[in-house]
Amino acid sequence: ATGDEVSEGSDDDDGEDSGTKAEAPLDLIYMLDLTGSMGSWLAEAKKKFTAITDELAPKYAHLEDGLRVGFVGYRDRPYSVRFVVSPPTSDFDSVLATINGQSASGGGDFPEDVAGGFNKVSELSLRADATKLLVHIADAPGHTVDPDGHDTSTQLIGFARAGLDYVLFDAA
């Protein structure tokens, strides 16, 4: 992201902080490893997602549906609830409630189903005119290719081509 540089006394200085209001909408997707090994990290991840949303919301409040938040949580096969998905919405409280309702379970092997989670992200409806950001918190790498044939390298290339920026926070 780039910002406007304004020196004191400049004609552009209107007395307001130009960095406080976004110029374009944001589709923000949180992706979270929900496997058992995340147990000790899950509460902190939930706090971070809430803090990020609380920090960003005022910057987009002047735009209609300026900030939309979505969520994808994932576990490995064969767990009965492999994915938890909340499509992007301007009702961030409902998405944060879904996130806060999650618990860590499953896993068993070290790599997790990151590719399956990426696939669920790719199925979300993101706005063409919005900045798109995927924030992922996990403590283990993904299988290179998941049981459904999704390849994380190919998926990340697809995200880049679609304008979806990706940030990974390693909880381990």
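Figured I'd write up the structure that's included with this text. (Residues numbered from 1 in each chain as written. Predicted model: local features only at pLDDT ≥ 70, side-chain atom pairs only at ≥ 80, totals over all residues. Heavy atoms only, no water.)

## Quick look at the pattern of salt bridges
Piece 1. Summed over the entire model, instances satisfying the criterion amount to seven salt bridges.
Piece 2. A salt bridge links Arg-68 to Asp-27, with the nearest nitrogen and oxygen atoms 2.9 Å apart. With Arg-68 in strand 2 (residues 67–74) and Asp-27 in strand 1 (residues 26–33), the pair connects residues that are 41 residues apart, well separated along the chain. Residue Arg-68 shares its accessibility class with Asp-27, and that shared class is buried.
Piece 3. For Lys-120, the salt bridge is made with Glu-123, and the minimal N-O distance between the two is 3.7 Å.
Piece 4. A relative accessible area of 25% means that Lys-120 is categorised as partly exposed.
Piece 5. The exposure class assigned to Glu-123 is exposed, which follows from its relative accessible area of 52%.
Piece 6. Each of Arg-82, Asp-113, Asp-146 and Asp-148 takes part in salt bridges that share partners, so that together they form one network. (Salt bridge = Lys/Arg side-chain N within 4 Å of Asp/Glu carboxyl O. Helix = DSSP H or I, 4+ residues; strand = E, 2+ residues; numbered from the N terminus. Buried < 20%, exposed > 50% of the residue type's maximum accessible area, 1.4 Å probe, protein only.)

## Considerations on helix 3 (residues 114–122)
Piece 1. Burial of helix 3 is extensive: seven of the nine residues sit out of reach of the surface.
Piece 2. Of the positions making up helix 3, those classed as buried are Val-114, Ala-115, Gly-116, Gly-117, Phe-118, Asn-119 and Val-121.
Piece 3. In this fold, the buried residues of helix 3 make contact with strand 1, strand 2, strand 3 (83–89), strand 4 (131–138), helix 4 (152–161) and strand 5 (164–170). (Contact = heavy atoms within 4.5 Å.)

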